[in-house]
Amino acid sequence: MFAAAEAVRIRPHDLLKCLNSLLGQTNCARCNSELPPAVQMVLATRCRPSPTLSWEISENMTKITFIQPDGAAQTVDAENGLTVMEAAKLNDIAGIEAECGGACACATCHVYVDEAFRAATGKPAAMEEDMLDFAFDVRDGSRLCCQIKITSAIDGLVVRVPAKQF
Ligand code: FES
């Protein structure tokens, strides 16, 4: 499928429409445009339907970079609707303990939000502020990342992991 897509030089958006077509729909679910003729030809001659593909996957992902105290950075693609803590746990980010599982009751998911993203991520709610009192080395930009919802508005988010959680 990807080799075939490369051969006809389709754009990423057309590839999404191609994936959509594999799910049995002939038009893009977002813009309702038809697949380009070259892609239709590839589908007709080379591709088979796969129930496991979904065009939504790559359209609903947001990039988040976690920076460790030693400067090591790891960028992950996280699904919108999750929290930053859930994205960290799903990607085995070191230093994010999240002992309470996201109930805002442990402060072991403490991170420092990069200054450029503080407006987009918002201020902590009162309950989060209270719990931050139990976190290690609280500074400007300190947040409990279980309280930060992932949306496209924070694409490229950079957070730093503290030296320890408590
Ligand atoms: S996971 Fe416990 S406060 Fe965030």
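Since we're looking at a predicted model, the values are computed, not measured. (Residues numbered from 1 in each chain as written. Predicted model: local features only at pLDDT ≥ 70, side-chain atom pairs only at ≥ 80, totals over all residues.)

Asker: For the overall build of the protein, give the residues involved together with the corresponding values.
Answerer: Helix and strand content of the protein: seven helices and five strands. The helix and strand sequence of the protein, counted from the amino end, reads α-α-α-α-β-β-α-β-α-α-β-β. Of all 166 residues assigned to the protein, the portion counted as buried reaches 29%. A fraction of 64% describes how many contacts in the protein between residues 6 or more apart in sequence connect residues 24 or more apart. (Helix = DSSP H or I, 4+ residues; strand = E, 2+ residues; numbered from the N terminus. Buried ≥ 20, exposed ≤ 12 C-beta atoms within 10 Å, placed from the backbone. Contact = placed C-beta atoms within 7 Å.)

Asker: Could you give me a rundown of the environment of I154, with the residues and numbers involved?
Answerer: Relative to the elements of secondary structure, I154 occurs in the loop between strand 4 (142-144) and strand 5 (157-160). For I154, a count of 22 C-beta atoms within 10 Å translates into the label buried. Separated by 36 residues in the primary sequence, I154 and R118 place their C-alpha atoms 9.5 Å from one another.

Asker: Give a description of the nonpolar core that names residues and reports values.
Answerer: Grouped burial of nonpolar side chains is what soluble globular proteins tend to show. The biggest cluster of nonpolar side chains holds 28 residues, and the ones touching the most others in it are V84, M85, A88, I96, C145 and V159. Leaving out residues up to four positions away in the same chain, C145 has contacts with T83, V84, M85, A88, I96, C109, V111 and V159. (Core = buried A, V, L, I, M, F, W, Y, C linked by C-beta atoms within 7 Å.)

Asker: Please provide a residue-by-residue account of the environment of N80, values included.
Answerer: Mapping N80 onto the fold places it in the loop between strand 2 (73-79) and helix 5 (84-90). Judged by C-beta crowding, with 16 C-beta atoms within 10 Å, N80 ranks as partly exposed.

Asker: How would you sum up the sheet that holds strand 4? Please name residues and give values.
Answerer: Reading across the sheet, the five strands line up as 2-1-5-3-4 and stay open at both edges, with mixed pairing between neighbours. Sheet topology places strand 2 and strand 4 at the edges, where each strand pairs with a single neighbour. Between one strand and the next, the sheet's axes are offset by a mean angle of 40°, whatever the strand orientation. For strand 3 (residues 110-113) and strand 4, the ladder comprises three bridges, and the chain directions are antiparallel. Its bridge partner being in strand 4, V111 is matched across the sheet by R143. (Pairing = 2+ DSSP bridges. Axes fitted to C-alpha atoms, helices over the stretch in contact; angles between N-to-C directions.)

Asker: Explain the confidence of the model for the protein residue by residue, including any values.
Answerer: Residues with a pLDDT of 70 or more make up 64% of the protein, whose mean pLDDT is 81. Contacts for the low-pLDDT stretch residues 1-8, under 50 throughout, to residues beyond four places or in other chains number ten contacts. Scored below 50 in pLDDT, residues 46-57 makes 16 contacts in the model with residues more than four places away or belonging to other chains. (pLDDT = per-residue confidence, 0-100.)

Asker: So, the pairing of strand 2: which residues are in play, and what are the values?
Answerer: The sheet contact formed by strand 1 (residues 61-67) and strand 2 spans seven bridges and is antiparallel. Within strand 2, the position partnered with I64 by the bridge is V76. Connecting strand 1 to the antiparallel partner strand 2 that follows it, the hairpin turn spans five residues, and G71 within it adopts a positive phi of roughly 95°.

Asker: So, the pairing of strand 5: which residues are in play, and what are the values?
Answerer: In terms of strand pairing, strand 1 meets strand 5 through four bridges, oriented parallel. Bridged to F66 within strand 5 is V159. Of the pairings in the sheet, the one linking strand 3 to strand 5 comprises two bridges and is antiparallel in character. Within strand 5, the position partnered with Y112 by the bridge is R160.

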